[in-house]
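# A look at the structure
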Amino acid sequence: MASAGAAPRKLVAVLAEVYECLVNARATKPKQDVKQVARAIIDGVHAYPGYGAAAQDATCLALTLIGRMVATVTAPTSHLARFYQDTLEVLLRDLDVVSQMVATFACEERDQVVRHLAAKSASACVLYQLQVSGVLHPSWHGTCERALLSLPTGPQLDACLWSLTHVLQELLRAKRPEAVRTLVAAFDVSVCTAASRFLSADQSAGSASGLADTFCHLLDLLEFLTASGGGSPRLTYVHAAALVAAVSRAPLYFVSKRAALLLKRAALRKAGEDWLGTCGESAADVGALTAAVLDAAAGDWLSSVSAKSLTFFGGSRSSKGGSEDGACDTAMLRAVSLLLIKSVQYHVTSADTGDGEAGGHLTRLWRFLRERGLRPTDADHDCALLPLLFAEQDDDMMEAAKAAHVIFLRLRENSSSAEAPCTAGCNPHCHFLFLLRAVWWDHRILLDFLMSTETCFLEYFLRYLRYLRTEWRSFAASCRRLDAEALPRVPFGREGRRRTGEHTLGRARRCLLRLHLLLARLHHKKLFPYKADALLRLLWQVTRQLGQDGLT
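Residues numbered from 1 in each chain as written. Predicted model: local features only at pLDDT ≥ 70, side-chain atom pairs only at ≥ 80, totals over all residues. Heavy atoms only, no water.

Secondary structure assignment for the protein yields 27 helices and zero strands. Every one of the 552 residues in the protein was classed for burial, and the buried ones make up 52%. Expressed as a percentage of contacts within the protein between residues at least 6 apart in sequence, the contacts between residues at least 24 apart total 71%. Within the structure as shown, the protein displays about 25,700 Å² of accessible surface, and the carbon and sulfur contribution to it stands at 52%. (Helix = DSSP H or I, 4+ residues; strand = E, 2+ residues; numbered from the N terminus. Buried < 20%, exposed > 50% of the residue type's maximum accessible area, 1.4 Å probe, protein only. Contact = heavy atoms within 4.5 Å. Areas by Shrake-Rupley, 256 points an atom, 1.4 Å probe, with all protein chains shown as cover.)

As structure tokens, then:
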């Protein structure tokens, strides 16, 4: 009598042969015909888990085969593409393989690997049918919608959230707006209901790890919906208050960090950028997000935000400035700081608002950063905190500097007293000088920034040079202040005098002058990627003004 595992082992052999023919471009057609291959795949999907490892192998191999078939049919590179297209049509039309895979989402007997493969292959089939017929598979649509509306946290909801997010991600990546609108419209009500109920629920109840998985899947879905720009892209903004609260009260730390990063990208209008490679066209309605962030910051939100570092790969934890014990998660600090700074920027530029609230938010932010161990070693005032925090993240650094410049100008317009320019910690002169110091006064690095499309340095630089053109005396004052702060840290020479070297003002002027000469030469030879006449004119005016006698 044959053992219970004999049939699964034979099925694995058949599926392995089909898979080898599929991945080998020079292989011949499988021995079985189209219907036999389709039947073997269905048997593999249904293989009983109680038969042991052989049944598990058959199921995983069958699910993998389905995904590879869809890839082969949609981008045919094999001479057997027609054979596999016919097999896929039998699976989808006659055997309804999508319904069989969707049923696996809620099967507790299946392990996590099988459920993930089922979700991945079902998503591939849904994408294929959406491309061919323009409609969603009814079983997949119905199952996902019921899971979202009933919201039973567990394997089925996680699989449905992952599958829906994957389908939306692929449609966005393929730039298929019509299909994106079809998908978003089909799930508009269910996703809104699920987001509202889950984000308003008590996250401290139940299994922390199970809730964390569901939470992360929901955050991914919200980000791609924000990037889609159609249907329900405003969900991230509508539920901004709940997401801000999640940054400090999520069941696990990595969930808090994911929520903070989502809010940061929403504030920058760059949702989906990490996965899609391009900035998503996010909704312009950031009023709710700004209000939620500033309301939370006015309370004790910042003090409850954790920023602990969970990983360490050896080497030295200490760096110039920064945390004393190296136990601070700077990625979390950057996300929270940039979120608050952008919110303050929107706040001061939106309506007639006083500068007291904005100054208070910034003061709380600087205190938060210092409490988390961020302590500059080369300056004593708050303007040094942002350049230190964003020193290793160029794109966020430029966004923070640009926002801080806007805040500074607005505060100066509304201020009735002649306060020191560094009082709010966002003096644009200090930020620019700390940037030059961070790149070792190397004009070639500034040129790289100007030619790069990965940061908004060009926009920031043009805005700052226009300001510097009229405020060059205050720039000289900032240089003198930095020289005075750095003087006690400069070692003594043999004659008992401090080796101060060149002053900050001279270094800054020389760096800008060299940048102007190099940029002019490249522009004259038509080797610069864009027209830089305005930039060259600003650089010439600024370097001429900084070279006047009496500034030093």
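On we go from here.
With that settled, consider the packing of aromatic side chains. Taken as a whole and assessed by the stated rule, the structure comprises twelve aromatic pairs. Seen in terms of ring centroids, F83 and Y84 are 5.3 Å apart; in terms of plane orientation they differ by 85°. Their pairing is edge-to-face. You'll find F83 and Y84 in the same group, each marked buried. The rings of F408, F432, F449, F457, Y460, F461, Y464 and Y467 are connected pair by pair, giving a single aromatic cluster. (Phe/Tyr/Trp six-rings, centres within 6.5 Å; stacked < 30°, edge-to-face > 60°.)

Time to look at the environment of G134. Along the polypeptide, G134 turns up in the loop between α6 (112-133) and α7 (138-150). Sequence separation between G134 and A179 is 45 residues, and the spatial gap between their C-alpha atoms is 7.2 Å. Excluding residues within four positions of it along the chain, G134 makes contact with Q129 and T182.

With respect to the helices, strands and loops of the structure, L433 is situated in helix α22 (residues 428-438). A sequence separation of 42 residues divides L433 from F475, and the C-alpha atoms of the two residues are 9.2 Å apart. Discounting chain neighbours no more than four positions away, the residues touching L433 are W441, F475, S478, C479, L482, T504 and A508.

With that settled, the discussion passes to the side chain of R437. Following the sequence through the fold, R437 ends up in helix α22. The contact partners of R437, leaving out residues within four places of it in the chain, are D378, L482 and T504.

To continue, consider the pattern of salt bridges. Inspection of every chain in the model, using the stated rule, returns 20 salt bridges. We note a salt bridge from E170 to R173, for which the minimum N-O separation is 3.5 Å. Of the two residues, E170 and R173 are both situated in helix α8 (residues 155-173); the distance of three residues between them amounts to about one turn of the helix. K402 is paired through a salt bridge with E459; the nearest N and O atoms lie 3.2 Å apart. On the criterion of sequence distance, the pair formed by K402 in helix α21 (residues 394-414) and E459 in helix α24 (residues 457-470) is long-range, its members being 57 residues apart. K402 sits in the buried class, given a relative accessible area of 10%. (Salt bridge = Lys/Arg side-chain N within 4 Å of Asp/Glu carboxyl O.)

With that settled, consider the packing of helix α3 (residues 53-74) against α6. Viewed as axis vectors pointing N to C, α3 and α6 meet at an angle of 25°, and their least axial separation amounts to 9 Å. The orientation of α3 with respect to α6, classified from their angle, is roughly parallel. For the pair α3 and α6, the sense of crossing is left-handed. Between α3, through Q56, T59, C60, L63, T64, I66, G67, V70, V73 and T74, and α6, the contact on the second element is made entirely by V113, V114, L117, A118, S121, A124, C125, Y128 and Q131. Classifying every residue of the contact of α3 with α6 by side-chain character gives twelve nonpolar, seven polar and no charged. (Axes fitted to C-alpha atoms, helices over the stretch in contact; angles between N-to-C directions. Parallel < 35°, antiparallel > 145°, perpendicular 65-115°, else oblique. Left-handed = near helix turned anticlockwise from the far one by under 90°. Nonpolar A, V, L, I, M, F, W, Y, C, P; charged D, E, K, R; others polar.)

What follows deals with unusual backbone geometry. Comment: phi is negative for the bulk of residues other than glycine, and the bulk of peptide bonds are trans. With a phi close to 45°, D96 is a non-glycine residue in the positive phi region. Inspection of the secondary structure assignment puts D96 in the loop between α4 (81-94) and α5 (97-103). Overall, D96 belongs to the partly exposed group, its relative accessible area being 29%.

A rise of 1.5 Å per residue sets the reference length of α8, with its 19 residues, at 27 Å; its end C-alpha atoms lie 27 Å apart and thus fit the reference within 8%. With respect to burial, α8 is a largely interior element, 14 of its 19 residues being buried. Positive phi shows up at K175, right after α8, with a value of about 55°. (Expected span 1.5 Å × (residues − 1).)

Now for α4. In this model α4 runs 19 Å from its N-terminal to its C-terminal C-alpha over 14 residues, within 8% of the 20 Å that 1.5 Å per residue would give. Three or more residues of α4 are buried, namely A81, F83, Y84, T87, L88, V90, L91 and L92.

Turning our eyes to something else, we now look at the confidence of the model for the protein. Across the protein, the average pLDDT comes to 85, with 84% of residues at 70 or higher. Low confidence marks residues 316-322, where pLDDT is under 50. Its contacts with residues over four positions away, or in another chain, come to 14 contacts. Confidence drops under a pLDDT of 50 for residues 495-500, and excluding neighbours within four residues, the segment shows 13 contacts in the predicted structure. (pLDDT = per-residue confidence, 0-100.)

Mapped onto the elements, T72 comes out in helix α3. With ten residues separating them in the primary sequence, T72 and R82 have C-alpha atoms 9.5 Å apart.

Looking now at the packing of α7 against α8. For the pair α7 and α8, interaxial distance at closest approach is 9 Å and the crossing angle is 125°. Viewed along their axes, α7 and α8 adopt a mutual orientation that is oblique. The element α7 and its partner α8 pack so that their crossing is left-handed. Mapping the contact onto sequence places W140, T143, C144, A147 and L148 in α7 and Q156, L157, C160, L161, S163, L164 and V167 in α8. Classifying every residue of the contact of α7 with α8 gives nine nonpolar, three polar and no charged.

Time to look at the nonpolar core. Counting 193 residues, the largest nonpolar core has W140, F461 and F475 as the members making the most contacts within it. Once residues within four sequence positions are removed from consideration, F475 is found in contact with H429, F432, L433, Y464, L468, L505, A508 and L546. (Core = buried A, V, L, I, M, F, W, Y, C linked by side-chain atoms within 4.5 Å.)

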